[in-house]
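Letter by letter, the chains look like this.
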Amino acid sequence: MNPVAVVLSFFILVNLSFGGISNTPHNLSITGTGNIKAVSETEICAFCHIPHHEKEGTPLWNRKMPVSVYTLFDSEFLTRINYPSPQQPSEVEGQPGIVSRQCLSCHDGTVAIGDIYIIRGTELGNQIIQMQNVNPDGTMPSTATGYIGTDLSVHHPVAIEYNPDIRKDFDVGTKTVELKNPQPDPPIKLYSYNGKKYVECTSCHDPHKENKKFLRVDVGNLARDFKQTCISCHDKTGWTGSTHDTQTAVYSDPEVTQKYGEGSPVSVADLGCGNCHTPHKAQGRPLLRKIEENTCFTGAGGSPSVAPCHGTGGAKDIQSLLPPNNTYGHPVTDSSLENVHTPLDVLYGYGSNETDPANSRTIKFSDSKHAECMDCHNPHSVKPGTHTSQNQWYPQSSSPDGNTVSQPLSGVYGVEPVWGSLWTQPSQFQTLSTATKEYQICMKCHSRWALGDSPNLDCTTAEVSSQSGIVLTDQSCEFSPNNKSAHPVVMPLNQMTGNYEPKSLSPDQLKAPWNANVGNQTMYCSDCHGNDNETANPKGPHGSQAKFMLKGPNKNWPADENGRLYKVGDIFGTSSDGGTTDGLFCVNCHNLENAEVHQFKGNGGCCGGMGGGGMGGGFADFPCVYCHVAVPHGSPVSRLIGYDNFPEPYNYMGNSLKLDGFVKNNVLQKWDASSNSSTCRCHRMGMGGGNYDPNPYPY
């Protein structure tokens, strides 16, 4: 370059930058405003730039470059989506990372702040400019605000390609890297090397700008600058209008007010991405402020109680609902499970054809059992408004699409079973980049996809609940439309292929809203499972003192809080021990007294409601689990009936079920059920019940 042009360029640079930089910590002269500054040196630009004889670097670089080998940013998500990893920042001009290494010449703490090449035409050689508030060797202390160090794994990656075209195909749908295409919004800056675009420190930061944190974006206080900087590159699906984009609740933490609001209140909407993420010194991944769920609880605050987030004392407290604060619930706060969750782990379940390039944790209980907030919620697209109105336990209406994901569950990965035959596990699942039904989110974990093959070749699994001590069951097996009966979680009863007429209960056997659209309605898993008191607490199956997280006015099944099994006689107040249906979960939705088969009362004997005969009023004391499976998701037998050789947990305590045959008819007769048990003598009349529903457990 022409020497005159070089000098002119340098003075233009000085003229453009001097006015701004003089009032920032990057003024390292004695006149600087920062804590680290020269003892006596008055030059400002010389700490980085020189008009002649520059060293490697640009523009006109005057500093000694670090020779550090850095620990680079690492992410299972990047590996699993096959995104190019960041490169070791180069020391060679024209290669990725050279610009970032220039910044690191101060910020990685390996080069003395005053170690420059030339000052006022004099080469310093082994001498350095003396600085205040630095280490004895002149380097930046690790306690300094701007200290980065050589571990770049906890900082936003640099020397990394910007490529919005990379994506991962699911069986249904695609997950992209969610970057603005083809390039970020200005004033964010990319650097071109060998025909590719790269992110460097100065993509986001302008070292000459009089702006908090030297951000190129300047739209308000630091909170708003932070948010806008992130969304200038990151184009998260569903972000606009989401809760974290619009929530006006503010932090009561004075440090947040001072740092991000510059003295003004800071809302969730103001800080946006910065509520959960930090570009530097992250404690969790990817670039989370805290490890996993602690980020959701605390946000940018110093503690949950001063943050408008989901921790104890927060604006929407979920932390206090979770175990160990409640006996039952998703084990989100179990410290032994920290850092088990990895992005895209849903792709790697039992039977998956995917090879995990990260060789990391999966969704399988056998080696990766976990539960994290992000398993059920996508923080970038979550919106307020559950399917149940405020102060209501259940929805106010029922419909065929009553299992569609609600706003808080939008944008979450899921799986759809390829349904197997009667009472068998699906052998295949379709992975979904976005679940459209709530059960597709639940079945990521509560199915063979995570629980593995059944040791009994049925719907039981080899896993046992650490909370209840009960064998976990495969709900993709239980809710299969090829079974004879199931609650309508997957599809309406009238569409179940294994079901037969009469496919649904009569409306008078159900309570609102389930007594409308009977047979043509679906429901949510969370209509039955949830928090203790969803009229006051945030809704959803976070945690409960009720076993199985059963919710509603009545939360017990199949026994009351004292362990007494509920009985048919409880329905009519004729039990010999004075039992009632108080607390019985089923009565939340069902009018049990209107079921003809339950009407064992009066002088008609044990089978008076089914055509007479029988053994007197004693039949009224028969527990519900003499006939019905104790896990009432679904059954290979109609009306959630179970046979006496069914295994636990369907056969309560292993010996509750008494029937060995059942057939569903429009008018129920005593011979429609068969039993070899002496306690059910009225079903041993030998009348023949026709084609009983098949038994998947041959005697």
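Since the model is a prediction, treat every value here as computed from it, not as a measurement. (Residues numbered from 1 in each chain as written. Predicted model: local features only at pLDDT ≥ 70, side-chain atom pairs only at ≥ 80, totals over all residues. Heavy atoms only, no water.)

### A few points about the overall build of the protein
Then, in step 1: Looking only at helices and strands, the protein features 15 helices and 19 strands.
Then, in step 2: The burial tally for the protein puts 53% of its 699 residues in the buried class.
Then, in step 3: Carbon together with sulfur atoms contributes 52% to the accessible area of the protein, which is approximately 30,500 Å² in total.
Then, in step 4: Distance from the positive charge centre (50 side chains) to the negative charge centre (67 side chains) of the protein: 2 Å. (Helix = DSSP H or I, 4+ residues; strand = E, 2+ residues; numbered from the N terminus. Buried < 20%, exposed > 50% of the residue type's maximum accessible area, 1.4 Å probe, protein only. Areas by Shrake-Rupley, 256 points an atom, 1.4 Å probe, with all protein chains shown as cover. Lys, Arg positive; Asp, Glu negative; His and termini not counted. Charge placed at Lys NZ, Arg CZ, Asp CG, Glu CD.)

### Things to note about the state of the cysteines
Then, in step 1: One pass over the full model with this rule turns up 1 disulfide.
Then, in step 2: Sulfur-sulfur distance for the disulfide between Cys-459 and Cys-477 comes to 1.8 Å. In this structure the cystine formed by Cys-459 and Cys-477 twists about its S-S bond by roughly -65 degrees; its chirality is therefore left-handed. In this pair, Cys-459 sits in the loop between helix H13 (448-451) and strand S13 (460-464) while Cys-477 sits in helix H14 (residues 475-478), placing the two residues 18 residues apart along the sequence.
Then, in step 3: Among the residues examined, Cys-459 registers a relative accessible area of 0% and is labelled buried.
Then, in step 4: Given the relative accessible area of 0%, Cys-477 is considered buried.
Then, in step 5: Counting only cysteine sulfurs, Cys-442 is the nearest neighbor of Cys-376, a cysteine outside any disulfide, at a range of 6.6 Å.
Then, in step 6: For Cys-376, a relative accessible area of 29% corresponds to the partly exposed category. (Disulfide = S-S within 2.5 Å.)

### Quick notes on the packing of aromatic side chains
Then, in step 1: As enumerated under the stated definition, the model contains 8 aromatic pairs in all.
Then, in step 2: Summarising the aromatic geometry, the rings of Phe-429 and Trp-449 are spaced 5.5 Å apart at their centres and angled 50 degrees between planes, so their arrangement reads as tilted. With Phe-429 in strand S12 (residues 428-432) and Trp-449 in helix H13, this pair connects stretches of sequence that are 20 residues apart.
Then, in step 3: According to the relative accessible area criterion, Phe-429 is buried, its value standing at 7%.
Then, in step 4: By the ring-pair criterion, three or more aromatic residues cluster together here, those being Tyr-643, Phe-646 and Tyr-697.
Then, in step 5: Above the plane of the ring of Tyr-626 lies Lys-658, whose end atom (NZ or CZ) is 4.9 Å from the centre.
Then, in step 6: Above the plane of the ring of Tyr-500 lies Lys-664, whose end atom (NZ or CZ) is 4.7 Å from the centre. (Phe/Tyr/Trp six-rings, centres within 6.5 Å; stacked < 30°, edge-to-face > 60°. Lys NZ or Arg CZ within 6 Å of the ring centre and 35° of its normal.)

### Points about helix H3 (residues 98-107)
Then, in step 1: Within H3, 8 of the 10 residues are buried, which leaves the element mostly enclosed by the surrounding structure.
Then, in step 2: In the segment just after H3, Gly-109 is the residue with positive phi, at about 75 degrees.

### Regarding the environment of Ala-595
Then, in step 1: Relative to the assigned elements, Ala-595 resides in the loop between helix H15 (568-572) and strand S17 (634-635).
Then, in step 2: Judged by its relative accessible area of 7%, Ala-595 falls in the buried class.
Then, in step 3: Between the C-alpha atoms of Ala-595 and Leu-347, which are 248 residues apart in sequence, the distance is 44 Å.

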